[in-house]
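Here is how the chains run, residue by residue.
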Amino acid sequence: MKGSLLHRMLNCTLAFGLIIVSGCTTAPRQGSTETAPPAVSPKPTAAPDPIQDLVNSMTLEEKLGQMVLFGVEGTVLDDTTRNHITKDHVGGFIFFGPNIKDSHQAWSLFQSMQKENASAKLPLLLGVDQEGGRVSRLPKELPAFPASQAVGAAQDPDYAYKVGSTLAHALGAFGLNIDFAPVLDVNSNLNNPVIGDRSFGSTAEAVNRMAIPEMKGIQSGGVIPVVKHFPGHGDTSVDSHKELPIVQHDLQRLRTVEFAPFAEAIRQGADAVMVAHLLVTKLDPKLPASLSPVIIQQYLRGELGFNGVVITDDMTMEAIGSTMPIDKAAVQAVQAGADIVLVGHEPAKERAVLNALLQAAREGALKQETIDASVYRIAKLKTKAKLTKESVPEPNIEKLSSDMKSALKREAKK
């Protein structure tokens, strides 16, 4: 018996006062002061993040492609744009007046691009500057939208919302999914050559009252609005398409006038902000806002708390061309905090920007975590907006026109 017990004891492990015998457990020894350890809770596992998984699955080239938004040449899908989609993995395109001849051609162009993108990991952003008034890109067969100044003069936020939802309806009918509007600039300078009737009003309060409902109306129709032009292009006397405007207001004035509509839009859920090519001397005396980490990181993301997608204004504008070469400017913009670099014209400049971003990433001038953070924000926005690579049926222009006229006329009378 003793031998048998000793043999059993040698095959046991004493642990925390419990004798574990092969296949059985006995109670703690009498008189033992040892106690069983507290139960160890399993470490919580992180919730699945499919967006992060998607970003992790992408190549460097695919990531950088998402971080540019290019213009196109002509009215049909050409080899340059096809290569941008299939080889460069470009994540979005902007269309201007010369790209849109009529409704059938426009719809055909947009659908051919999404079809070319069918095997990509993310849908394309396809967008226009459809503000209304003199800045309109939709086919001429459709009714004209009122200028923002006219919407503001109505002093009816419900009407502004309806204008926004109708904008989204019209854009979505063609397969467009992003609108570089509304303008949040306060029209405080009557000599401003580029804003004027594109603004909803001459005070921050007037802009807030009407532009924010229009933004929310656009969102309601499944189209991404891009509010612009941060930090505020309203009080300038030159056109940034032609030269670099200079804004000399101090921070107190900027906060109460120029920043105010953007702050309100962010509080109300703005998805994307376009940063202007402006030299705001009291914030950054050396770099335009679109290239300034102070303005993008300290003020837009920091003070105003914006966590969405930051897009530059068109980098082919002379405000940048007169400052530095476009390839260097593109890298500077991403380093400053821009998520998407917009290059609206000239294939050679588009190529230069892609090459510069790729070289900077490979050399470490653009950090991997910076790239990944931007791509995450872009992918999150595309997911939130439920963008799709599916084709849309060709719109019935007569019905679409009738719907637009009815919606705008009915709300305008209120």
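Residues numbered from 1 in each chain as written. Predicted model: local features only at pLDDT ≥ 70, side-chain atom pairs only at ≥ 80, totals over all residues. Heavy atoms only, no water.

Asks: Looking at this structure, how should I read the overall build of the protein chain?
Replies: Within the protein chain, the regular secondary structure consists of 16 helices and 13 strands. Relative to its full complement of 414 residues, the protein chain shows a buried share of 53%. Within the protein chain, contacts between residues separated by at least 24 positions form 75% of all contacts whose residues are at least 6 apart in sequence. Only carbon and sulfur atoms are counted for the fraction: they give 54% of the accessible area of the protein chain, which is about 19000 Å². (Helix = DSSP H or I, 4+ residues; strand = E, 2+ residues; numbered from the N terminus. Buried < 20%, exposed > 50% of the residue type's maximum accessible area, 1.4 Å probe, protein only. Contact = heavy atoms within 4.5 Å. Areas by Shrake-Rupley, 256 points an atom, 1.4 Å probe, with all protein chains shown as cover.)

Asks: Whenever I open this one, the pairing of strand S4 (residues 68-71) confuses me. Can you help?
Replies: Across a regular strand the side chains alternate sides, sitting on one face of the sheet and then on the other. With burial as the criterion, each face of S4 is covered, one bearing Val68 and Phe70 and the other bearing Leu69 and Gly71. Relative to strand S13 (residues 341-343), S4 runs parallel, the two being bridged by three bridges. Looking at the pairing, Leu69 lines up with Leu342 of S13. Bridging between S4 and strand S5 (residues 92-95) involves three bridges; their strand directions are parallel. Residue pairing for S5: Gly71 is matched across the bridge by Ile94. (Pairing = 2+ DSSP bridges.)

Asks: Teacher, can you tell me more about unusual backbone geometry here?
Replies: Backbone geometry follows two general trends: most residues other than glycine have a negative phi, and most peptide bonds adopt the trans configuration. Residue Lys228 is joined to His229 through a cis peptide bond whose omega torsion reads 5°. Among the secondary structure elements, His229 is positioned in strand S8 (residues 224-230). Residue Pro231 is reached from Phe230 by a cis peptide bond, and omega for that bond is 5°. With respect to the element layout, Pro231 can be found in the loop between S8 and strand S9 (246-247). The backbone phi angle of Gln155 is positive, close to 55°, even though this residue is not glycine. Checked against the element boundaries, Gln155 lands in the loop between helix H6 (148-154) and helix H7 (157-173).

Asks: What is the right way to read the packing of aromatic side chains from this model?
Replies: Two numbers describe a pair of aromatic rings. These are the distance of the centres and the angle of the planes. According to the stated counting rule, one finds four aromatic pairs in the structure shown. Ring centres of Phe230 and Phe262 lie 5.3 Å apart, and the angle between their planes is 85°; this geometry places the pair in the edge-to-face category. Note that Phe230 is positioned in strand S8 and Phe262 in helix H10 (residues 260-267), a separation of 32 residues in sequence. The residues Phe230 and Phe262 share a single accessibility class, namely buried. Relative to Tyr299, the ring of Phe259 has its centre 6.0 Å away and its plane inclined at 55°; by these criteria the two rings are tilted. One end of the pair, Phe259, is in the loop between helix H9 (251-258) and H10; the other, Tyr299, is in helix H11 (residues 293-303), and 40 residues separate them in sequence. (Phe/Tyr/Trp six-rings, centres within 6.5 Å; stacked < 30°, edge-to-face > 60°.)

Asks: Explain the confidence of the model for the protein chain here, please?
Replies: Interpretation of the predicted coordinates at a detailed level should be avoided for regions scoring low in pLDDT. Across the protein chain, pLDDT averages 88, with 87% of residues at or above 70. Here residues 410-414 is a poorly scored stretch, pLDDT under 50, and it has seven contacts once near neighbours within four places are set aside; other chains count. (pLDDT = per-residue confidence, 0-100.)

Asks: Hey, could you run me through the packing of helix H8 (residues 204-220) against H10 in this one?
Replies: Each pair of packed helices gets described by two things: the angle between the helix axes and the distance between those axes. The geometry of H8 relative to H10 is characterised by a closest axis approach of 9 Å and an angle of 35° between their N-to-C directions. When the axes of H8 and H10 are compared, the crossing they make is right-handed. Here H8 contributes Ala204, Val207, Asn208, Ile212 and Met215 to the contact with H10, which in turn contributes Ala260, Pro261, Glu264 and Ala265. Tallied by class, residues from the contact of H8 with H10 come to seven nonpolar, one polar and one charged. (Axes fitted to C-alpha atoms, helices over the stretch in contact; angles between N-to-C directions. Left-handed = near helix turned anticlockwise from the far one by under 90°. Nonpolar A, V, L, I, M, F, W, Y, C, P; charged D, E, K, R; others polar.)

Asks: Would you explain the pairing of S8 in this entry?
Replies: Extensive coverage of S8 is indicated by the burial of seven of its seven residues. Bridge count between strand S7 (residues 178-179) and S8: two bridges; the pairing is parallel. For Ile178, the partnering residue across the bridge sits in S8 and is Ile224. Taking the sense of rotation as the criterion, the β-α-β connection linking S7, H8 and S8 turns out right-handed. (Right-handed = clockwise from strand over helix to strand, strands pointing away.)

Asks: Explain H8 here, please?
Replies: Note on helix geometry: an α-helix contains 3.6 residues per turn, so any two residues three or four positions apart are oriented the same way. With 17 residues, H8 extends 24 Å between its outermost C-alpha atoms, agreeing within 8% with the 24 Å of an ideal straight helix rising 1.5 Å per residue. Turning to H8, its buried residues are Ala204, Val207, Met210, Ala211, Ile212, Pro213, Glu214, Met215, Gly217 and Ile218. Residues of H8 that are buried make contact with H6, H7, S7, S8, H9 and H10. Of the residues one or two after H8, Gly222 is the one with positive phi, at around 80°. (Expected span 1.5 Å × (residues − 1).)

Asks: Hey, could you run me through the environment of Ser148 in this one?
Replies: Among the structural elements, Ser148 can be located in helix H6. Judged by relative accessible area, which is 3%, Ser148 ranks as buried. In this structure Ser148 touches Glu131, Asp197, Arg198, Ser199 and Phe200, once residues within four positions along its chain are discounted. A distance of 3.3 Å separates a polar atom in the side chain of Ser148 from the backbone oxygen of Arg198. (Polar contact = N/O pair within 3.5 Å; in protein donor to acceptor, adjacent residues only side chain to side chain.)

Asks: What is the right way to read the sheet that holds S7 from this model?
Replies: What links the strands of a sheet is backbone hydrogen bonding, and the strands pair in either a parallel or an antiparallel sense. One open sheet holds the eight strands; their spatial order is S12-S10-S8-S7-S6-S5-S4-S13, and the pairing between them is parallel. Edge positions in the sheet fall to strand S12 (309-312) and S13, since each of these pairs with one other strand and no more. With respect to the sheet, helix H5 (residues 103-116) is in contact with S5 and strand S6 (125-128), its orientation differing from that of S5 by roughly 170°. Relative to S8, H10 is tilted by about 155°, and along the sheet it contacts S8 and strand S10 (272-275).

Asks: I would appreciate a short explanation of H11 in the present structure.
Replies: Within H11 the residues assigned to the buried category are Ile295, Ile296, Tyr299, Leu300 and Arg301. Seen from one end, H11 has its buried residues packed into an arc of 165°, which puts them on one side. Gly305, located one to two residues past H11, shows a positive phi value of around 70°. (Arc of directions from axis to C-beta.)

Asks: Explain the nonpolar core here, please?
Replies: Most often, soluble globular proteins have nonpolar side chains that are buried together. Core analysis: the largest hydrophobic core is formed by 119 residues, its most contacted members being Phe93, Phe95, Met113 and Phe174. In this structure Phe93 touches Leu69, Phe70, Gly71, Val72, Thr81, His84, Ile85, Met113, Leu124, Leu125, Leu126 and Gly127, once residues within four positions along its chain are discounted. (Core = buried A, V, L, I, M, F, W, Y, C linked by side-chain atoms within 4.5 Å.)

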